Structure formats: C-alpha cells, structure tokens
Amino acid sequence: MNVLKFGGTSVANAQNISLVLKIVGDYAQKDQLAVVVSAFSGITDMLVSAGAKASGKDKAYKEIINTIEQKHKEAIDELIPLSEQADLIDVINADINQLKTLLDGCYLLGELSNRTSDAILSFGELLSSRIIAKAYQQKDAKAGYKDSRELIKTNNHFGKAVVDFNQTNQLIAEFFKSSSNSVTIFPGFIASSNDGHTTTLGRGGSDYTAAILAGALHSSQLEIWTDVNGMFTANPKIVPQAQPIEVISYQEAMELSHFGAKVLYPPTIQPVLKKNIPILIKNTFEPNAAGTLITSNVSAKDNPIKGISHIDKISLLTLEGSGMIGVAGSSKRLFEVLSNESINVIFITQASSEHSICIGILNADANKAQAAVNKAFEIEIAQNKIDPCIVEKDLCIVALVGENMKNHQGISGKMFSTLGKNNVNIRAIAQGASERNISVVINERDVKKALNTLHERFFEDNTKQLNLFVMGVGNVGEKFIDQIHQQTQFLRENLKLNVRVVALSNSRKMLFAEEGIALNDWKNQLENHGQPANREQFIEQTQSLNLRNSIFVDNTANEDVAAVYDRFLSKSIAVVTCNKIACSSAYENYSHLKQLSRKYNAPFLFETNVGAGLPIIDTLKHLIASGDKVHKIQAVLSGSLNFIFNNFSPTYSFHDVVKEAGVQGFTEPDPKIDLSGVDVARKILILIRESGYQMEMEGIVNNSFLPKECMDTTNNDDFFKSLIKHAAHFDQLLADAVAQDCRLKFVAQFENGTAQVGLQMIPKDHPFYNLEGKDNIVLFYTDRYVDQPLLIKGAGAGAAVTASGIFADVIRIGNV
C-alpha cells in the first residue's frame, strides 16, 4: 500500500488536477493507493476570510462563498462529463448550503468559535476531494472516496486537535481490510472528535493526514507531491542557485522544516518516523525529477551540511542582571511567563555566567512578552537586581543543518567568518549538544546576503559571486566590461569566481538588474531600458540591494564620484577605482577611507591610479608589509606625456602629438590635467603615501613646462589654440634636448621628504632614456634595494591596460 498526498498548488485548478490524475493512474497500475488531497489553492485563505467577515458583521462573506462555489463548479465542468455531474453537483450544493448556514450563524451571533471555525475550514478539503475522486472514477471505476473524519479521531482541541492513534489506527486498518478499492481518495487536514464534531489537524494538516494513514497501514513509502523538486539546500526564491537535496535524514528534515523550509511541517514526520517509513517529496509538475528521500539510511560521506534555512520576523528578548547569577529558578520563571501567554520560544541562548538569557520569539509576540516579563520580575527590576527586559525586533534566524556536522571540525568557524567578511553582524548564537544545527540571529535586512554567502561557501564548490556596480562606461569602462564578458567562463572554471555586473551608469542613464546585466547587449539595455542617471539614487539602490561581495567600480575622473567612496565603504561595499582624486585629496580624507576599509572589511583598491595596469602599488604594498622602507622614488608616471615627448619632433608638431594622444585614449578628457603636471603630481603623491609618508598635494613642487597662457585656458578648444600659438616655446624645448643628445621626459621624484615633478633632459646612460611609446617606469630605492633600485616598467596608459588593472583589482577582491 502506497500513500500519496497532493498539496494545494497541485490541485489549484482543473489543469493541475489532470496532472494529478495521470500520476495517480500510473501508480495505481503497480500498487493499491491511498491518496490525500488538500483544498484548492487559495480556498482555505478564502474560508478564513469569510469567517472573519461574517463574525465581524461584514456581508462581504457572501461574495466569498459565491466565488468558492463558482471555482469548484468550473473545475467540475472541465474535469467531468456533463452526463456524470448530477450526483456530484447535488453533494457540492449540499456542502455549499451547509457552509452558508454556518457563516450566516456567525453573522447573526457576531462571533466565531474555534469549533465553528474548524467546521468552516473543513469545506476546502471536502469540496476538492469529492471533485477529484469523481474525476478519477471516470478513469477507474474501482476507485473510491472516504471521508477522513470517519477514520481519524481526535480530542476536542479545535484548531489543532490531538489524534487518538489507538482508535485511529484500528479504524484505518479495518477500513482497508474490507476495501477493494484500487485507489481511495481522502480529504486532508480534517478529522472528527468522538462526539462527532469536525476537527482540524493544524498547520500542515494534509501532510499529517497522509502520514497518519501511512503509519497505520505500514506503507512502504509516503509520497508528498508539491510544486518544487523536493527539499532544497536553501530557499530557491532567495538563493537561485539552491539545489534539491537527494537524501536527508528524518532529523535533518525536521530541523530544516522547523527553521522555515516550507515543504514539510515537522509533526508530519512523527507517525512515519516511529515506523521507519521513508518519505519522498516529489514535484507534480516535474514528476520525473528525483525529488528528496527522507529516510534513516543516510551516507556519512556526503556534505556534512544538508541545508541552510531561516525564520524571519523574529525578535530577541534579553533578560539580564546580577540578580540572576546563582539564583535557581530564574529561567523557569521566564519560560513559565511566556508559556502562560501562549508565546512560542523559537531560540534560546544563555551565557555560562548566568548573567543573561536571550530568547527568540516572533515579532508579533514581542510587546506582549516584554510586558509580561517585566511584570513577573518587577520586584527584582525595582531593586536593580535585574534590568528591564530588552527587545530587539526585525531580526532573522539563520541555521546550518546537518547530521554529520559533529564529525567535522571548523564548520561553525567557517560560518562565522563567511558572515563576518560580508559585514553580517551576528546578534546571538545557539548550537545544540547534538550539533545537528548551528543557529545565528542576524538583522532581517541581511538575510538574503547571508543565505547566498553561506550557500556559496558550503554548496557551490567555493565559487564566489562578485556583484559589480559600475560607474563610468566610456573608453576605460567599455574595455572593462568587454574584458569581464570575455573572461566570464574562465573565471568561473579556473578561479571559482562568478562575476556579475549588477549596475551600470554613465552621465545620462543608469541601469540596475539584480540578477546581472547581459553583457553581450549592455549598451542597448542601458540606452533603452536605463533610467535617468542620478548619483544619489545609484548609491541608495546599491546599498538597499545589500548583495554579498558588492564592489563599486569607478571608471570616471569625476571629483563628485570620488567624494562618495566613504558611503560605500561604510556599508561594506568594496571600492575599485582608477580615479586618482580620492587618494590624492587631503591626507585626512585618504586616511579616513583607509580606516573605513579596515573597519568594515571592505577592500579599497586603486592599483590603476599609478601606471594603469602595472603592478606598482601592489608591489609597493608588499615591500612595506614585509618591513622594507622606501627612501627615494624616481619615476616617469605619465604614459600620455611619454607618448607625446617620444613622438614630438621637428616634423610632428607638439599640438598634433597632443591631439593624437587624446584620440588614442592616452590623455584625460581634459588634456591640460596631463600636460600641466597635475596628474603626475597626484600619482607621486599616492606612491609617497603608500610608502608610509604623510604629504599633501601642496608639498609637491610642480615645475610646469606650459606657458601661463596655456595654463589659464578654461576649455579644450582654447587650450589647443594656445598650443599652436606657443609652438615656438615647445620647439625650443625639443631643440635644447637634441643639442645635448638628451630626450625629454616628465619626471616625478621623491627624496628626503621632498617631492617635485617637471620636464627633464635625460642623458643616454639613464634608465629613462630608452623609455618608449606610452610606457611608465618607477625606481624604488629602499633599505633592501640600495645600489640597484627595484624597477617596474611597462605600458602605463591606454584604455585596455587601465581596464585590465581595474579587472585585476576586482579579481584580487574575489581571491581574498
């Protein structure tokens, strides 16, 4: 004998019921069946609403009855031939009339008792089971229908009746002993008391009905058919990459169900647990999917973590004070108070010092609990022995569940460090002696980030998802996005990184897509589906999404964008930037950003601030971290200026070379920033600060080679005109260098606490002389590199190499 149960979504409408009938028909060819069905989806809620409205003197309950009647008769019309409907219609009409009578009585009396409520709610399952039974009988004349109330007997605890298993098991056994039905269809959820009143089995009651039947019949297996492919490693609505669990133990299933897994209700398991009957969770809409088998035979070799679950809308109630230490009965009094108020305690933790006890309850019970506890301990509170109880609301419990966790070291450490790295603050921790679950209480707004981060850590082969929020999609930004798109598969397969671009913004439009923007069509999406760009809204939306491993990428040279880095770092959002303004701003701001990065565990990386994609800053950081000390820096730090002076010749005017540098993307949008030496000054300042010295921009001497008129221009057109006007000045600079067999290089230098930048004539024997194209070069003189400096040389300008440097910083964060 097999027992199958179909939930509300499985029997939501005629189309779904047809799928159920096919599944039942396939099973009936192999074995005798007991089939338990829930009410049509949404009907129980409608019955609850009708009862509330009727008792509240709201005649709208009549409209609800009409809707319920119409829905069921539409199902009859679609499932059963007209010639076979008459008897069923009579029964359905009788049920509807009885329901109307009950609700009319509630309306007249203005009240709804628990007993009447059970009677009203029972019609959901009664109506659905009668229709489904009649529909299946069109295929199988040997199929039958049985009212569960005739077999399942309970006490009179209406709303959540307690089953009399001795009587119930006997009645079930006697019925099936005399039944020749190939398939018997039962309404779930309902039962009856010994005096004949309808009772209900509480939340998950239809599952419970099926388990009661399976236990009484010693079934080989109980199958619960629902709308998902079994129990999942996490809630797939919150964690899209959650996976179905193939096999799980009874205890693990109960733990996951207690902590919010909606597929199963814990009491359901009890009747079959005692008799070691496996439970198979299957999907009505994907009947060939394996589902989840709940059994006592589970391999110890599997992942010790079976699932991650959560309960939201939790409050923490804390009672503490020196008056609790060593005083017997304090905990007993606290729990007695809560029990008397019918408040369910979900979570408990107590300090070993006995100074405090912390419990988790539902938000809805928080105020009532606080008042009751303060009343119970009012004498101790008045004597300052115990503090008034503290309530923290809008929290969430997250639990790791696994039978074999006790045999694996370090799981709790991995859990806490994973949450900590994403700045998820843990308010309380509880772990049972069985070590079957580890529970933490966190802020409710962090639940999505926490679940995804933990799932990534324990179930996804350590694949880390990085969520990028990109501002600036011009030359550098476009190359950066192209590189991510090109390397997506490589990163996933080789570095275990799943890089997603969640947001893009230029100066006109911005686009957000929580599941990631399709990078093969990002320009079209941004232009046609983006909203007007608004920096404040961009920041707020990035923060409100609260995604794990969030990274803000600044591909601009905008001062206003650089000014908001602190707002990202303080929310544990990493910052990667090629924008030099923040790190070359006031030392106080630079230092503040660094402190925020450390405090909130949010990386702040700016490798491309100096040398584009060259590993200059990263190398410098390693030198300092290993104890070396920098004494002198000499560098050519402007790829654009190097390109300009390498190509400037008597036949190629200074004006034309600067224009070409802009076309190739070597200069800033405002080329005066490069040619004035400001950009180089910023770069050497950043290197000085990263070397451990405190310096301001004003402390750097800028020996500009530009005439004053060029410096005083206010737009690019005027600037280029001034270059033409002063062509003789630039030609003379070149002629002087050639005369001395030198080459012009714009050099930055730091030594003995002073720094300067300016154009220099470099002789042939100097390392800078043969620096070609747009290359940069840096010489570090340190305690360890005295006679021969540490030299870093390579391409130091261009959109592609800058983008690769930004990309490298993103990967660095992923590898942390």
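Residues numbered from 1 in each chain as written. Predicted model: local features only at pLDDT ≥ 70, side-chain atom pairs only at ≥ 80, totals over all residues. Heavy atoms only, no water.

J.: Let's hear about the overall build of the protein: which residues, and what values?
T.: Per the secondary structure count, the protein includes 29 helices and 30 strands. For the protein, the C-alpha radius of gyration of 36 Å lies well beyond 28 Å, the compact-globule estimate for 816 residues. Principal-axis analysis of the C-alpha atoms places the extent of the protein at approximately 115 × 75 × 55 Å. In the protein, which comprises 816 residues, the proportion classed as buried is 53%. The long-range share in the protein, meaning contacts at least 24 apart out of those at least 6 apart in sequence, stands at 72%. Of note, the protein has its 78 positive side-chain charges centred 3 Å away from the centre of its 89 negative side-chain charges. (Helix = DSSP H or I, 4+ residues; strand = E, 2+ residues; numbered from the N terminus. Rg over C-alpha atoms; globule rule 2.2 N^0.38 Å. Buried < 20%, exposed > 50% of the residue type's maximum accessible area, 1.4 Å probe, protein only. Contact = heavy atoms within 4.5 Å. Lys, Arg positive; Asp, Glu negative; His and termini not counted. Charge placed at Lys NZ, Arg CZ, Asp CG, Glu CD.)

J.: Can you lay out the nonpolar core for me, pointing to particular residues and giving the numbers?
T.: Proteins that are soluble and globular tend to have nonpolar side chains buried together. Counting residues in hydrophobic clusters, the biggest one holds 79 residues, and the most contacted among them are Phe-654 and Leu-687. Looking at this core element by element, the count peaks at seven residues for helix α25 (residues 678-690). Membership of the second largest hydrophobic core comes to 48 residues, among which are Val-11, Val-20, Tyr-136 and Ile-190. (Core = buried A, V, L, I, M, F, W, Y, C linked by side-chain atoms within 4.5 Å.)

J.: Kindly report on the pairing of strand β11 (residues 292-295), identifying the contributing residues and their values.
T.: Across a regular strand the side chains alternate sides, sitting on one face of the sheet and then on the other. The sheet contact formed by strand β9 (residues 247-249) and β11 spans three bridges and is parallel. The residue of β11 that forms the bridge with Ile-248 is Ile-294. Note that strand β10 (residues 279-283) and β11 share three bridges and pair antiparallel. Counterpart to Leu-280 in the pairing with β11 is Leu-293. (Pairing = 2+ DSSP bridges.)

J.: With reference to specific residues and values, describe helix α20 (residues 587-599).
T.: Taking 1.5 Å per residue as the helical rise, α20 with its 13 residues ought to reach 18 Å, and the 18 Å between its terminal C-alpha atoms agrees with that figure. Every buried residue of α20 is listed here: Tyr-587, Tyr-590, Leu-593, Lys-594, Leu-596 and Ser-597. Here the buried face of α20 lies against α19 (565-569), β24 (604-605), α21 (616-625) and α25. Phi turns positive one or two residues past the end of α20, at Asn-601, with a value near 50 degrees. (Expected span 1.5 Å × (residues − 1).)

J.: Could you give me a rundown of unusual backbone geometry, with the residues and numbers involved?
T.: The phi torsion at Asp-394 lies on the positive side, around 60 degrees, for a residue other than glycine. Along the polypeptide, Asp-394 turns up in strand β15 (residues 390-401). Judged by its relative accessible area of 46%, Asp-394 is partly exposed. In this structure, Asn-549 takes a positive phi of about 50 degrees despite not being glycine. Look at Asn-549 and you get buried, because its relative accessible area is 16%.

J.: Account for the sheet that holds strand β16 (residues 426-431), naming residues and giving values.
T.: Strand order in the open sheet formed by six strands is β13-β14-β12-β15-β17-β16, and the pairing between neighbours is antiparallel. The two strands at the open ends of the sheet, each matched to only one other strand, are β13 (347-350) and β16. The average angle at which neighbouring strand axes cross in this sheet is 30 degrees, direction not considered. Packing of helix α8 (residues 250-258) onto the sheet brings it into contact with β12 (307-320), β15 and β17 (437-443), and relative to β12 it is tilted by some 60 degrees. Strands β12, β14 (356-362) and β15 of the sheet are contacted by helix α11 (residues 366-376), whose axis makes an angle of about 30 degrees with β12. (Axes fitted to C-alpha atoms, helices over the stretch in contact; angles between N-to-C directions.)

J.: Provide a residue-level description of the sheet that holds β24, including the pertinent values.
T.: Spatial ordering of the open sheet is given by β21-β20-β19-β18-β22-β23-β24, a layout of seven strands whose pairing is mixed. Each edge of the open sheet is held by one strand with a lone partner, namely β21 (531-532) and β24.

J.: Which residues make up helix α22 (residues 639-647), and what values do they have?
T.: Most of α22 sits out of view: eight of its nine residues are buried. Buried residues of α22: Gly-639, Ser-640, Leu-641, Asn-642, Phe-643, Ile-644, Phe-645 and Asn-646, and no others.

J.: Talk me through the packing of helix α3 (residues 61-79) against helix α5 (residues 114-137); I want residue IDs and the actual numbers.
T.: Remark: α3 packs on α5, axes separated minimally by 10 Å, with the N-to-C direction vectors making an angle of 10 degrees. Taken together, the axis directions place α3 and α5 in an arrangement best described as roughly parallel. Residues Ile-68, His-72, Ile-76 and Leu-79 of α3 form the contact with α5, whose own contacting residues are Leu-127, Ser-128, Ile-131 and Ala-135. A per-class count over the contact of α3 with α5 returns six nonpolar, two polar and no charged. (Parallel < 35°, antiparallel > 145°, perpendicular 65-115°, else oblique. Nonpolar A, V, L, I, M, F, W, Y, C, P; charged D, E, K, R; others polar.)

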